[in-house]
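# Overview (structure and organization)
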Amino acid sequence: MAHTPQRQLAHADYTVACICPMGVELAPVEGMLDEIHQSLPTGRDQNAYTLGKIGGHNIVVAVLPEIGNNAAATVATQLLNDFPSIRFGLLVGIGGGVPGAEDDIRLGDVVVSQPTDTFGGVVQYDLGKRLADGSFKRTGQLKKPPSVLSANVQKLQAQNFREGSRMSQYLLEMIQRYPRMQSLYSFPAADHDQLFVASYTHQSGMTCDNCDQQQTTTRSTRSDHAPRIHYGTIGSANVVVKDSAVRDELRRDMNILCVEMEAAGLMDSFPCLVIRGICDYADSHKNKRWQSYAAATAAAYTKELLTIIPASQVAQTLNAVNNTASHKVTATQKSLSMAKAWPDATADTDQRLTNPWMVPRAVSALYTGRGELGERLSQVLSFNPSTPPTQQRIFVIVGIGGVGKSEVCLKFAEDHKEEYWGVLWLDATSIATAEQGYTDIGRRCGIAERSVDDVKSWLACTDQRWLLIIDNADDREIDYSKYIPSGKRGDILFTTRNPECVTYNTIGSETLGDLEPKLARKLLLQATDIGESRWKEKEEAAAAVVDILGSHTLAVIQAGAFVRQKLCTLEQYPNIFQQQKEQLLKYHSKQHVSRYGNVYSTFEVSAEHLQNSKSPENLDALNLLHILAFMHNSGILETMFQRASEYASELKDRGTSNNEDISSLSMRHVARLPEYAQHGWSSLQDHLRWRKACAILESLSLITLYNNDDFVTISAHSLIHAWAKQRQDYQSQCRAWQSAAMILALSCKGWYRFHPFFVFLQPHVASCVSHEIEHYTQNMSDMETAQTFFQLAYVLLAMKDKTSSDLLLQRVRSRLHDEYRAGQKIALQVKMFSGLVSMLQEEYREAVELLKNVVKIQEKLAEDDSDRLASQHELARAYRANGQVNEAIELLEHVVKVKEKLTEDHPDRLASQHVLADAYRANGQLNEAIELLEHVVKVDEKLTEDHPDRLVSQHVLADAYRANGQINEAIDLLEHVVKVQEKLAEDHPDLLTAQHELTRAYQANGQVNEAIELLEHVVKVREKLAEDHPDRLASQHELARAYRANGQVNEAIELLEHVVKVREKLAEDDPDRLASQHELARAYRANGQVNEAIELLEHIVKVDEKLAEDDPERLASQRALARAYQANRQVNEAIELLEPKSMSLRLKKSWQKIIPTSLLRSMRSPVLTKQTNKSTRP
């Protein structure tokens, strides 16, 4: 019988964690549990847990969202946050076997990580650096399993020698308990266990039925089918090994018994043991036939191990959190850095992260000089709690590129990080990078809305003290003031090449020049790696080099790196440099040569060495340098190259080329990738070839690598980045741009919906398409070019970069020519995209026309065709945005009905229901809107309580309840939303928005005191925002309304006069400005200030003349003015306003809906008018 969930324990009762990479591995672990416990709420609900018991141990079982070292580290970090008493973990799943003469590893056997003299049980075999001589030096050593596990593994091993393993017994019990598992998790038969000779590759098909059975290795027949257990080293990397040559090399070099993809992400941050069932032999014959059974054998070993470990021994073991706390890189820090560099594993959070450290790199080991500036910064940015700053403190550092401006900031941040809650870094090279920088800051600080204004507002509001470094603010066309947060809590360091930016400073500025010659010589000798004992004898040679370089910091480091690689001596360098400078003067612009000639010449010395050596490794490095010139100069992810390579391999396997689909990429695109990226990085040689190219560039100080165990991120100084493009001739630039564009396009993997990876891709796409791309695509076919542009344009569209995406779209149209015929799929895709861009640009009428055309042409498709439904959904959204609500409803009702074939919780179905409910509400069909939203909210109950989608649906439903007069229901729902979000910081925008909406419901219910109390809190918190921030003004406006309703008219007038004054900056007909004026006029009337009310309302009515005669807003303003006239005994003006002679029949009907006949009668009767005036005086 299957278990049903039993008792519910507390988080602190769980001491053992089990992590499974996939669902196929999770099921047998769950099947081995002696008890299954009720689930528990967790702080962030990013992980999926099963709780239970084996032997005497309460166990948390977690499954990864995807395979890979990064995901494993992220899940483990969150697990330790959710269950603080965890002592150790077990990583249980499947792996590829590496058979050898000494270890007869078969499919279904189990490999357990065990330390050896060389490794700690797990080795990350792709982690290291490629040296200049071509050799690969492995770096880093992963931790061993905790002693409690190592000791009991030995104990179990001895017990199995005496008594045999109980794994078969546990497998049988699992099948008896869960009979449905029998078909998947039983032994597949020995005939299907085939080890082919290493030289024989797989033939076609999902299985090896088409492979030559004569090519299998002869092995002895086992006496039974019981799985064997092997102990030794497990190899881990972020690549799948499907190559027998690589597999055998790993065996020879490191005696690896098994390969997998998760363990390296855990060992240093999570004390654990790795247990792997063997499902294939890590060769081209890899298939899924043995995966389920291998997962079951690994789970059975897990149970056998846990049953022999005493619970008392586990209780005495140090908590996993404490066990890893002393590491220089904590689990949390590691997972955060992974989230940045491995986007697919990124999960947003609604909670603020503590102490964000966002500097792009460490301080250079060669940092020299600038001591006086460092001391000055320490003085002007010192903080005394008793006398806090009275203004935002901004210090500006000016200087040409490469003199060390960023390095000074890095040094200050490193020396003073303990004084700040967080250190934030903004690359202001372009508008795109600055906006992306604020998005990154928002993500790291746990802010839900991450626009520039939202994040600036959050920084202005927070009580934490932060340091923001705005780097590379060099563009004279950009107004950088819009990237400077307000408030007094933060300090800002600002670096620029533009002297005009000095005006941004509030506490000082400094212009950096070249280093003093003495310091420059010291820096050069440090960079050459010449021993300090020899510096005196090299003083003269160093002086000669410094003299020709002009003491420029970056040029000195570059020269030192060249000498350090033994490519010449210090004495020989001036002659080599002079040759390159003459070439530079011939071929580069005078402006650049005059300013950066010496620096560029030092770069060229290194590039010429790579080019002239003719070695394949050096040419790879030079080619990579040229490609990087067409991406953004920082945050270049190894992941981009890996994803592009993987997708290239998929396209090769398909072997098709689709010229009728603008969204398809083909082998023509793959052929423009660098060679090492064309075959998929399952080939370890290609992956290492890329890393070797990176290592060579780093050894020459042309790039900086950030190697964080599992991934590599590249950055290059902006000067090197600019030079790398300028040094190339036209043909080289074409090839490099095409390679860069294909890496970016293919790394999307054909994804045409928003994907978290796009966030990291955007700055590189924006940089790539900012070049003269029409010149670089002349040797590409029109379709190939259009397909590339279309994919890149979609990334920009998904990131709401409407200008760049529209520009690319125009280029798509211009390249299609004959292929772009009405009705053809390509034309429809482009028109659909054009409609989406128009929506972004708020050109709703144009969007409607474009999308209507697409929908009409697609009528010949099946009713439930996904393309047809998608275009209908988007057309309905355009109708709604354009005010054509009836058309939107008609179309959405059809779409929703067709999508009923999808599962109830399918995202597309829910999205259309949500949009339909919004249209119903806009059309006054509140009951229909509520019915639909109640359904969406009910379906969303499967999500965690604080899931953003669930909270948004509840919020929208509450708003519909309020509009429908179901005030109690609205209050109940909004109070729930506010309660869930109270775990956020008090100044979190989501929490404040929910509180604001709750006060509106309170007012509608007559709970004015509750509304005022909550609104006063919201207004107080939002005082940290800029005076004209829309959220701050909206809360003040709402509080004033509540004051007036409560009879506190003076307070209402004071607040509204302030709001109206601030909103004078807005356009005269801005709805918010008019609304606050209207509310102030009502307050004036309530206070007896009728003349002031009339003056304000006459202005509003005049502005409203731009609206249609029967527009509800215009009619409401006229009615308010008529009432004010009546109160002031200006009866004729009131009657003339309400019954003009020219009033059309249609307008009269509109008035009859909102103006009671009794009001007009009262205005015509002097007696009634007088009484009415008396009754309305306060």
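This one's a predicted model, so the numbers in the text were calculated from it and none came from an experiment.

Helix and strand counts for the protein stand at 48 helices and 20 strands. For the protein, the proportion of its 1178 residues judged to be buried stands at 55%. For the protein, restricting intrachain contacts to residue pairs at least 6 apart in sequence, the fraction spanning at least 24 positions comes to 73%. Taken as a whole, the protein presents about 50,900 Å² of accessible surface, with 47% of it coming from carbon and sulfur.

What follows deals with the confidence of the model for the protein. Caution applies to low-pLDDT regions: their predicted coordinates should not be interpreted in detail. Taken over all residues, the pLDDT of the protein has a mean of 80, while the share at 70 or more is 84%. In this model, residues 818-823 is a region of pLDDT below 50 whose contacts with residues beyond four sequence positions or in other chains number ten contacts. Segment residues 1141-1178 is flagged for pLDDT under 50; beyond a separation of four residues in sequence, or across chains, it makes 47 contacts in the model.

With that out of the way, let us pick up the side chain of threonine 999. Mapped onto the fold, threonine 999 is located in helix H38 (residues 989-1004). You can call threonine 999 buried: its relative accessible area is 0%. Each residue touching threonine 999, except ones within four places of it in the same chain, is listed here: Ala1011, Leu1014, Leu1015 and Glu1038.

This part covers the pairing of strand S6 (residues 110-113). What you see with S6 is no split at all: Val110 and Val112 on one side and Val111 and Ser113 on the other are buried throughout. For S6 and strand S10 (residues 229-236), the ladder comprises four bridges, and the chain directions are parallel. Paired with valine 110 across the two strands is isoleucine 229, which belongs to S10. Examined bridge by bridge, S6 and strand S12 (residues 272-280) share three bridges and lie antiparallel to one another. Note that in S12 the partner of valine 112 across the bridge is isoleucine 275.

The full count for this structure, using the stated rule, is 14 aromatic pairs. Ring centres of tryptophan 290 and tyrosine 293 lie 6.1 Å apart, and the angle between their planes is 70°; on these two criteria the pair is classed as edge-to-face. By relative accessible area, which is 2% here, tryptophan 290 ends up buried. By relative accessible area, which is 5% here, tyrosine 293 ends up buried. By the ring-pair criterion, three or more aromatic residues cluster together here, those being Tyr14, Tyr49 and Phe83. The ring of tryptophan 357 carries the charged tip of lysine 417 above its face, separated from the ring centre by 5.1 Å.

Our focus in this paragraph is the side chain of arginine 1073. Here arginine 1073 is to be found in helix H42 (residues 1071-1086). Buried within the structure, arginine 1073 lacks any salt-bridge partner; its nearest side chain of opposite charge belongs to glutamate 1064, at an N-O separation of 5.5 Å. Leave out the neighbours within four places in its chain, and arginine 1073 touches Arg1063, Glu1064, Leu1066, Ala1067 and Glu1068.

On to the pattern of salt bridges, then. Tallied over the full model, the rule gives 40 salt bridges. Residues arginine 247 and aspartate 283 are paired through a salt bridge, measuring 3.6 Å at the closest nitrogen-oxygen approach. Linking arginine 247 in helix H6 (residues 244-254) with aspartate 283 in the loop between S12 and helix H7 (291-308), this pair joins segments that are 36 residues apart in sequence. By relative accessible area, which is 4% here, arginine 247 ends up buried. For arginine 727, the salt bridge is made with glutamate 608, and the minimal N-O distance between the two is 3.6 Å. Taken together, the residues span a long stretch of sequence, with arginine 727 in the loop between helix H24 (718-726) and helix H25 (730-747) and glutamate 608 in helix H19 (residues 590-613) at a distance of 119 residues. Residue arginine 727 is classed as buried on the basis of its relative accessible area, which comes to 15%. Here the salt bridges do not stand alone but share partners, grouping Glu25, Glu260, Glu262 and Arg276 into one network.

On the surface, a cluster of negative charge is contributed by Glu887, Glu890, Glu893, Glu928, Glu931, Glu934, Glu969, Asp972 and Glu975. Listing elements by their share of the negative patch, those giving two or more residues are helix H33 (885-898), helix H35 (926-939) and helix H37 (967-981). Residue placement: glutamate 969 occurs in helix H37. Exposure remark for glutamate 969: the relative accessible area of 36% places this residue in the partly exposed category.

In this section: unusual backbone geometry. Phi is positive for alanine 282, which is not a glycine, with a value near 55°. Since its relative accessible area comes to 1%, alanine 282 is described here as buried. A positive phi angle, near 60°, is found at lysine 566, a position not held by glycine. Within the fold, lysine 566 resides in the loop between helix H17 (553-564) and helix H18 (573-587).

When two helices pack together, their arrangement is given by the angle between the helix axes and the distance between those axes. Helix H34 (residues 907-922) packs onto H33 with a crossing angle of 150° between their chain directions and a minimal axis gap of 9 Å. Accordingly, the angle class assigned to the pair H33 and H34 is roughly antiparallel. The two elements H33 and H34 meet at a crossing, and its hand is left-handed. Of H34, the residues touching H33 (which contributes Val885, Ala888, Ile889, Leu892, Glu893, Val895 and Val896) are Ser912, Gln913, Val915, Leu916, Ala919, Tyr920 and Ala922. Per-class residue counts for the contact of H33 with H34 are eleven nonpolar, two polar and one charged.

Bringing helix H4 (residues 167-177) into the picture now. Looking only at H4, the buried set comprises Met167, Tyr170, Leu171, Met174, Ile175 and Arg177. Around the axis of H4, the buried residues are gathered within 165° of arc, so they sit on the same side. The outward face of H4, more than 90 degrees from its buried face, is lined by the exposed residues Leu172 and Gln176.

Right, let's talk about the packing of helix H13 (residues 431-444) against helix H26 (residues 757-769) for a bit. Put simply, H13 and H26 touch, their axes get as near as 10 Å, and they point 170° apart. Viewed along their axes, H13 and H26 adopt a mutual orientation that is roughly antiparallel. Across the interface between the two elements, Ala432, Thr433, Gln436, Thr439, Asp440 and Arg443 of H13 pack against Val759, Phe760, Gln762, Pro763 and Ala766 of H26. Its residues placed into classes, the contact of H13 with H26 shows five nonpolar, four polar and two charged.

Picture the strands of a sheet paired through backbone hydrogen bonds; they go either parallel or antiparallel. Taken together, the five strands give an open sheet; going across it, the order is S14-S15-S16-S13-S17, and neighbouring strands pair in parallel fashion. Here the strands that pair on one side only, and so sit at the sheet edges, are strand S14 (422-427) and strand S17 (508-511). Direction aside, neighbouring strands of the sheet carry axes that sit 15° apart on average. Relative to strand S16 (residues 491-496), strand S13 (residues 393-398) runs parallel, the two sharing six bridges. Bridge pairing in S16 places isoleucine 394 opposite isoleucine 492. On top of the sheet, H13 reaches S14 and strand S15 (466-471); it is set at about 155° to S14, its chief contact.

Inspection of the secondary structure puts histidine 626 in helix H20 (residues 616-628). Take histidine 626: its relative accessible area is 9%, and that puts it in the buried class. Along the primary structure histidine 626 and glutamine 733 are separated by 107 residues, whereas in three dimensions their C-alpha atoms are 7.6 Å apart.

What counts and how
- Residues numbered from 1 in each chain as written.
- Predicted model: local features only at pLDDT ≥ 70, side-chain atom pairs only at ≥ 80, totals over all residues.
- Heavy atoms only, no water.
- Helix = DSSP H or I, 4+ residues; strand = E, 2+ residues; numbered from the N terminus.
- Buried < 20%, exposed > 50% of the residue type's maximum accessible area, 1.4 Å probe, protein only.
- Contact = heavy atoms within 4.5 Å.
- Areas by Shrake-Rupley, 256 points an atom, 1.4 Å probe, with all protein chains shown as cover.
- pLDDT = per-residue confidence, 0-100.
- Pairing = 2+ DSSP bridges.
- Phe/Tyr/Trp six-rings, centres within 6.5 Å; stacked < 30°, edge-to-face > 60°.
- Lys NZ or Arg CZ within 6 Å of the ring centre and 35° of its normal.
- Lys, Arg positive; Asp, Glu negative; His and termini not counted.
- Salt bridge = Lys/Arg side-chain N within 4 Å of Asp/Glu carboxyl O.
- Patch = residues over 30% accessible without salt bridge, like charges linked within 9 Å, V, L, I, M, F, W, Y side chains within 5 Å.
- Charge placed at Lys NZ, Arg CZ, Asp CG, Glu CD.
- Axes fitted to C-alpha atoms, helices over the stretch in contact; angles between N-to-C directions.
- Parallel < 35°, antiparallel > 145°, perpendicular 65-115°, else oblique.
- Left-handed = near helix turned anticlockwise from the far one by under 90°.
- Nonpolar A, V, L, I, M, F, W, Y, C, P; charged D, E, K, R; others polar.
- Arc of directions from axis to C-beta.

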